[in-house]
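Coordinate inspection notes
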Amino acid sequence: MIVCIAEKPSVAKDIARIIGATTARDGYMEGNGYQVTWTFGHLCELKEPDDYTPMWKHWSLSALPMIPQRFGIKLINDEGIKKQFATIEKLMQAADSIINCGDAGQEGELIQRWVMQKAQAKCPVKRLWISSMTDEAIKQGFQELKDQTEYQSLYLAGLSRAIGDWILGMNATRLYTLKYGQNRQVLSIGRVQTPTLALIVNRQKEIDNFVSEPYWVLATIYRDTQFTATSGKFTSKEEGEKAFSTIAGKPFTVTDVSKKKGNEAPPHLYDLTSLQVDCNKKFAYSADITLKLIQSLYEKKYTTYPRVDTQFLTDDIYPKCPQILNGVSQAKIASQQKYLPLIQQLAATGKKLPKSKKVFDNSKVTDHHAIIPTGVPPTGLTDMEANVYDLIAKRFISVFYPDCKFSTTTVLGEVINEDGPKPEKIEFKVSGKEILEPGWRVVYAKDTKNADDDDADNANGNADSGNGAKKEVVEERTLPSFTKGESGEHQPTLTEKWTTPPKYYTEATLLRAMETAGKFVEDEELRAALKENGIGRPSSRAGIIETLFKRHYIRRQRKNLMATPTGIELIDTIHEELLKSCELTGIWEKKLRDIERKNYDAAQFVNELKDQVAQIVSEVLADSSQRHIAITTDEDLKKTSKKKASTKGAASAKEAAPQKEGDSSKEAISTKVGGSAKEPVSSKEKTSQKKGTSPKEESPDPLVGQPCPVCHQGHIIKGKTAYGCSRWREGCTYRQPFNAE
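This is a predicted model, so every value here is computed, not measured.

Let's talk about the overall build of the chain
Helix and strand counts for the chain come out as 22 helices and 21 strands. Within the chain, contacts between residues separated by at least 24 positions form 76% of all contacts whose residues are at least 6 apart in sequence. For the chain, the exposed surface amounts to about 36,000 Å²; the carbon and sulfur share of it is 50%.

Description of the sheet that holds strand β3 (residues 28-31)
In spatial order, the strands read β2-β3-β4-β1-β7-β8-β9; together these seven strands make up an open sheet with mixed pairing. Strand pairing shows two members of the sheet lacking a second neighbour, β2 (23-25) and β9 (146-147), which therefore form its edges. Direction of pairing for β3 relative to strand β4 (residues 34-38): antiparallel, over a ladder of four bridges. Across the sheet, the residue bridging to Y28 is T37, located in β4.

Quick notes on helix α3 (residues 79-93)
With 15 residues, α3 extends 21 Å from end C-alpha to end C-alpha; this agrees with the ideal 21 Å at 1.5 Å per step. The complete set of buried residues in α3 reads I81, Q84, F85, T87, I88, L91 and M92. With its buried residues spanning 160° around the axis, α3 presents them on a single face. For α3, the exposed residues set more than 90 degrees away from the buried face come down to E79, K83 and K90. In the core, the buried residues of α3 are packed alongside β1 (2-6), β3, β4, β6 (73-75), β7 (97-101) and α4 (106-118). Near the N-terminus of α3, the side chain that reaches the backbone nitrogen of G80, with its oxygen 2.9 Å away, is that of D78.

Section: the environment of V115
In this structure, V115 sits in helix α4. For V115, a relative accessible area of 0% translates into the label buried. For the pair V115 and E89, spaced 26 residues apart in sequence, the C-alpha separation works out to 8.5 Å. When near neighbours in sequence (up to four residues on either side) are disregarded, V115 contacts I5, T39, L43, C44, F85, I88 and M92.

Regarding the packing of helix α10 (residues 287-299) against helix α13 (residues 383-398)
Working note: a packed helix pair is described by the angle between its axes plus the distance between those axes. The geometry of α10 relative to α13 is characterised by a closest axis approach of 10 Å and an angle of 80° between their N-to-C directions. Put simply, α10 runs roughly perpendicular to α13. Packed against α10, whose contacting residues are I289, L293, I294, S296 and L297, the element α13 presents M384, E385, V388, Y389 and I392 at the interface. Partitioned by chemical class, the residues of the contact of α10 with α13 number eight nonpolar, one polar and one charged.

Thoughts on the side chain of R541
Here R541 shows up in helix α17 (residues 538-550). A polar atom in the side chain of R541 sits 3.0 Å from the backbone oxygen of G536. Setting aside residues up to four positions removed in sequence, R541 forms contacts with T273, L511, M514, E515, G534, I535, G536 and R593.

So, the confidence of the model for the chain
Confidence along the chain averages 84 in pLDDT terms, with 83% of residues attaining 70 or more. The spread of mean pLDDT over the elements of the chain runs between helix α14 (residues 455-460), the lowest at 37, and β4, the highest at 98. For the stretch residues 448-473, pLDDT sits under 50, and the model shows 59 contacts to residues farther than four places along the chain or on other chains.

Comments concerning the packing of helix α9 (residues 272-283) against α10
Between α9 and α10, whose axes approach to 9 Å, the crossing angle comes to 120°. With respect to the hand of their crossing, α9 and α10 are arranged in right-handed fashion. Contacts from L272, L275, Q276 and C279 in α9 reach A287, T290, L291 and I294 in α10. Taken together, the residues of the contact of α9 with α10 sort by class into six nonpolar, two polar and no charged.

Notes on the pattern of salt bridges
One pass over the full model with this rule turns up 35 salt bridges. The partner of E608 in a salt bridge is K591, and the shortest N-O contact between them spans 2.9 Å. Of this pair, E608 sits in helix α21 (residues 602-621) while K591 sits in helix α20 (residues 582-596), and the two are 17 residues apart along the sequence. Each of D14, R17, D135 and K301 takes part in one network of salt bridges that share partners.

Focus: the sheet that holds strand β12 (residues 252-264)
On the basis of which strands lie adjacent, the open sheet formed by seven strands has the order β15-β12-β13-β14-β11-β10-β16 and antiparallel pairing. Here the strands that pair on one side only, and so sit at the sheet edges, are β15 (487-488) and β16 (491-498). Pairing geometry for strand β10 (residues 214-222) and β16, over eight bridges, is antiparallel. Within β16, the residue paired with L218 across the bridge is L494. Along the sheet, helix α8 (residues 237-247) makes contact with β10, β13 (404-417), β14 (424-437) and β16, crossing β16 at roughly 170°.

A closer look at the packing of aromatic side chains
Applying the stated criterion across every chain, the model contains 20 aromatic pairs. Taking the centre distance of 5.3 Å and the plane angle of 85° together, the rings of F71 and W166 count as edge-to-face. Taken together, the positions of F71 in the loop between α2 (49-52) and β6 and W166 in helix α6 (residues 152-180) put the pair 95 residues apart, joining distant regions of the chain. Per residue, the accessibility class of F71 equals that of W166, and both read buried. Ring pairing ties together the aromatic residues Y222, F227, F252, F428 and F482, which thus form one cluster. In this structure, R127 is placed above the aromatic ring of Y151, and the distance from its NZ or CZ to the ring centre is 6.0 Å. When the ring centre of Y505 is taken as origin, the NZ or CZ atom of R203, which lies over that ring, is 4.4 Å away.

As for α17
An α-helix turns once per 3.6 residues; consequently, residues spaced three or four apart project the same way. Burial runs high along α17: 10 of the 13 residues are buried. What α17 keeps buried is the set P538, S539, S540, R541, A542, I544, I545, E546, L548 and F549.

Description of the nonpolar core
Counting residues in hydrophobic clusters, the biggest one holds 151 residues, and the most contacted among them are F142 and I397. Among the nonpolar cores identified, the runner-up in size contains 20 residues, and Y222, F234, F244 and F428 belong to it.

Concerning unusual backbone geometry
For the bond running from L64 to P65, omega is 0°, close enough to zero to count as cis. Secondary-structure assignment places P65 in the loop between α2 and β6. Within the chain, R223 stands out as a residue other than glycine whose phi angle is a positive 55°. Mapping R223 onto the fold places it in the loop between β10 and β11 (225-229). Assessed through its relative accessible area of 38%, R223 is described here as partly exposed.

Section: the environment of P538
Along the chain, P538 turns up in helix α17. P538 has contacts with L272, T273, Q276, V308 and D309, leaving out every residue within four places of it along the chain.

Reading guide: rules and limits
Residues numbered from 1 in each chain as written. Predicted model: local features only at pLDDT ≥ 70, side-chain atom pairs only at ≥ 80, totals over all residues. Heavy atoms only, no water. Helix = DSSP H or I, 4+ residues; strand = E, 2+ residues; numbered from the N terminus. Contact = heavy atoms within 4.5 Å. Areas by Shrake-Rupley, 256 points an atom, 1.4 Å probe, with all protein chains shown as cover. Pairing = 2+ DSSP bridges. Expected span 1.5 Å × (residues − 1). Buried < 20%, exposed > 50% of the residue type's maximum accessible area, 1.4 Å probe, protein only. Arc of directions from axis to C-beta. Polar contact = N/O pair within 3.5 Å; in protein donor to acceptor, adjacent residues only side chain to side chain. Axes fitted to C-alpha atoms, helices over the stretch in contact; angles between N-to-C directions. Parallel < 35°, antiparallel > 145°, perpendicular 65-115°, else oblique. Nonpolar A, V, L, I, M, F, W, Y, C, P; charged D, E, K, R; others polar. pLDDT = per-residue confidence, 0-100. Left-handed = near helix turned anticlockwise from the far one by under 90°. Salt bridge = Lys/Arg side-chain N within 4 Å of Asp/Glu carboxyl O. Phe/Tyr/Trp six-rings, centres within 6.5 Å; stacked < 30°, edge-to-face > 60°. Lys NZ or Arg CZ within 6 Å of the ring centre and 35° of its normal. Core = buried A, V, L, I, M, F, W, Y, C linked by side-chain atoms within 4.5 Å.

Have a look at this one:
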């Protein structure tokens, strides 16, 4: 008898139906020479500390570090699991051979290997390796079964990851809880979760310590078009006003008009992270919700395997694409065949589907290709599932459309003042874009614009890094027709603006930061290279973020992720860079990938980690400070939420009140018409700490500039919500909220 073991009952039943095992038994299906059974995800786990020795049952600093001589596994303590495992064990011990039908990835391999080890299976094992759950894919997979030894390195990478997480998590969590936790809360430390928390805390500190500074931008309006000075911003008002007076009343002359044509390629297909990013931006779905939705679509046979980190397809998928597109064209979303016109437009060209290296590249695919539709028309989708399917279907359709073709017009101008002893010249520039052929953009033409200004980014697969640097997006902005040498009157403006802090992380931007180990990269090619050193796996990142919420280390404020006092103090307390550095954790991730590729030794990885954890324990035990970490409870989070709601209500009431005459928040616009000197047209676009009040107008703060009471080297500075130390980048932890007594 051949025993097949799948990861879930629903998957096992699909496989059983296709191979003819149609008789239901207790815990398995049987027929046609097969017995098909299943797990419920993990049935086994690594043993806990007290399973190795009673000395490790009670938490004690003297027992650290805990390093077992040999790691073992045990059944998870659950009656349902114990019952199902007894069935699996009986089947495996009597089997002639086994087919591992587990999820085709690192975690799926580990789950089934542990079950087979625990069941003491001795017979030969084959591996079913498929990228979708369609009947056709399952049949083909059974015709092309692999030998399990081909996936030994995949198992070793998964095992090394699990052991590494145990060594670091068990030891560091006990270490920090006992040393700094005041016996009130477990301070959970993790190989991936702690560097992820550090990203959020460090961003929050940047925002808290940010001091807004004014700058001035010189522009001029000529023929209803705004040109901006190429000299950049002015850091003092005097400089700006001097430049303004130089050009006031002098004619504006167009010096150059240039047009350049360009192409914009269709966006890359989705991997799991880019799908989670777009779902968070467009629908505010958390990474965890998106993962559950795409997993559901996969199990319903509508999309391919979701836990992938590539955005490419293999060459063997190309011949199947017309059939997949035909299936997608029949899909009904909200009772409409919304993809049919788009696919008919592709077919109307009469040409063969294009095969671009930006879509089909065997060298960019290891285990699984990018997420695409299977071609099975979806039915009975929830609204949330339909949203996710819509993104995947449109992305797949768009890659077969031609590039978007556009023309960029750049107009240069200048104003020359010859009144002084030496002529003064200030140059200006404006750019516009005209879409000549929309190409793939017709697929997204009917999408409604997102108020968060990220739809254009989503179409390109881009994400805001939080530092304001976004990849240029093709958006139409048509300019009037200008001629080189033309000249005329213009209206100069000097605009006062304020520097703004970085943005708080959202789940979308945090996922991108995790993917590139904290390096903020918008270029898709460079980001793909940095994925090698990302922190966590695509499939685990959602769970990591959820863990931070459960531990009360972070909280949500609308889309923003905010660190709690516990989260901030935990990161401040951890001095060991190994625990909170994205870069170092990224290097560990790369080693795990190298184990999978047979380029690194698993035993060496584990031994290195043992040495590093022993060093961390030694350093923390030597800390003689009396530092303690504040504990954030559920009640604290509720209070924070209520406080925010009441503050928001008060602010709304204040904004609704009519402004008094002479209110300083009003824009001051003054222009003298004529050829003589003009007053600057000034518009305050962004104020600092208080609406309509610049820092210069506030009464001086006696605390600012005083010596730092913590490091005694820096001085106190004022941020948006708290006082901090000028040496916060060097590691000083002084922070005092404005409302503190």
